[in-house]
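So the chains spell out like this:
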Amino acid sequence: MSRLRFLAAAAFFLLALDAFPPSMAAAGPQQLRPDYYADVCPNLESIVRDAVRMSVAHSPVAAPATLRLFFHDCAVRGCDASIMLINPDGDDEWRSLDGMTLKPEGFNTVMSAKAAVDSDPQCRNMVSCADILALAARDSVFLSGGPDYQVELGRYDGRVSTRDSVVIPHGTFNLDQLNAFFSGLGLSQADMIALSGAHTIGAASCGFFGYRVVSGADDAAMDPAFAEQLRGTCPAGGGFAFLDGATPLGFDNEYYRNLRVGRGLLGSDQALYEDPRSRGAVDRYAADQEAFFDDFAAAMTRLGRVGVRTAEDGEIRHDCRFPN
């Protein structure tokens, strides 16, 4: 191959690599694997699960809060636990407008799990906060009745967290906006619809959906009886409602069944059924919980590969709140 052809081929390769989403470019299969800590912390998964079980028993908010924390972390700077960092000047992710909606129970769950892991001398300062968060999110799903899937491990923790980096989907998004956001993470519409099923647990403040039920609002996609119920839920001083009012503490497929009858709480949730391009997937999950569980587990695995850091640009934090 001539030097000119070689340089052209190399340039094309670099451009192609740059076009891949962070999940493709950051961590290959050699780095992420379920048995990453088998030699240095063999009891890691049982330690984290026991810690998460205690957190969930202490507060029903812990499971949805931890699951949401994982999504926020991966969606902003990649799955590097940057959402956990506290900067002295206040310029960090969790003090952004969107970050401040995260519940303390999620942070506390991860910190408790980290403390439990580090209480084992063999494991101390060997496991990243990013991996503990990924495991805690999985365990939050499982302990709420959802699938028990394998978690790929081997992430390193990031060192940077800023308010301005926080861009996440909002409850007013339509399907095109949702697809555009998830595509930026290297995820498909199918992944997005499966991950949206995380809204089968948790709640939202009235500020996220109140515009759909205020006097004069004409949201034809919402069941009128549901709208009336929500109007009573949201007094002038605030209030909240469960994202899945049928089984709010159980991880199941009721979220999708709710969408079929106009009882999706967020506009972005109901949009999945109102748009014919995504309605089929909603119908499938509403009818087949096992299919939802399988696809959710696969989508969580792909989400967990986004923006993964290595030893070259990350670290194993001793305290999840601060860089070493």
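Refer to the structure above for everything that follows.
Just so it is clear, the model here is predicted, and its values are computed rather than measured.

(A) Quick peek at the packing of aromatic side chains. A complete count under the given rule lists 13 aromatic pairs for this structure. When the centroid spacing of 4.9 Å and the interplanar angle of 80 degrees are considered together, the rings of Tyr-36 and Tyr-37 count as edge-to-face. We classify Tyr-36 as partly exposed; its relative accessible area is 24%. Take Tyr-37: its relative accessible area is 3%, and that puts it in the buried class. Between the aromatic rings of Phe-292 and Phe-293, the centroid separation amounts to 5.7 Å while the plane-to-plane angle is 55 degrees, which identifies the pairing as tilted. Grouped by ring-pair contacts, the aromatic residues Phe-251, Tyr-255, Tyr-256, Tyr-285, Phe-292, Phe-293 and Phe-296 constitute a single cluster.

(B) Region of interest: the layout of surface pockets. The space that makes up the largest pocket amounts to roughly 1,100 Å³. The wall of the largest pocket is formed by 41 residues, among which Arg-68, His-199, Ala-203, Leu-243 and Leu-266 lie closest to the centre. Taken together, the elements giving at least two residues each to the lining of the largest pocket come down to α4 (62–77), α7 (175–184), α8 (189–196), β1 (203–205), β2 (240–242), α11 (267–274) and α13 (289–303). By residue number, the principal contributor to the lining of the largest pocket is α4, which donates 7 residues. Within this model, the second largest pocket holds a volume of roughly 150 Å³. Around the second largest pocket, the lining residues are Phe-226, Gln-229, Leu-230, Thr-233, Phe-240, Ala-241, Phe-242, Gly-245, Ala-246, Asn-258 and Arg-263. The greatest single-element share of the lining of the second largest pocket, amounting to 4 residues, is contributed by helix α9 (residues 224–233). Its residues assigned to classes, the lining of the second largest pocket comprises 6 nonpolar, 4 polar and 1 charged.

Scoring rules and cut-offs
- Residues numbered from 1 in each chain as written.
- Predicted model: local features only at pLDDT ≥ 70, side-chain atom pairs only at ≥ 80, totals over all residues.
- Heavy atoms only, no water.
- Phe/Tyr/Trp six-rings, centres within 6.5 Å; stacked < 30°, edge-to-face > 60°.
- Buried < 20%, exposed > 50% of the residue type's maximum accessible area, 1.4 Å probe, protein only.
- 1 Å grid on protein atoms, 1.4 Å probe; cavity = no way out; pocket = protein on both sides within 12 Å on 5 of 7 lines; lining within 4 Å.
- Points joined across faces, edges and corners; volume = space filled by probe spheres on them.
- Helix = DSSP H or I, 4+ residues; strand = E, 2+ residues; numbered from the N terminus.
- Nonpolar A, V, L, I, M, F, W, Y, C, P; charged D, E, K, R; others polar.

In short, shape yes, function no, at least from these values alone.
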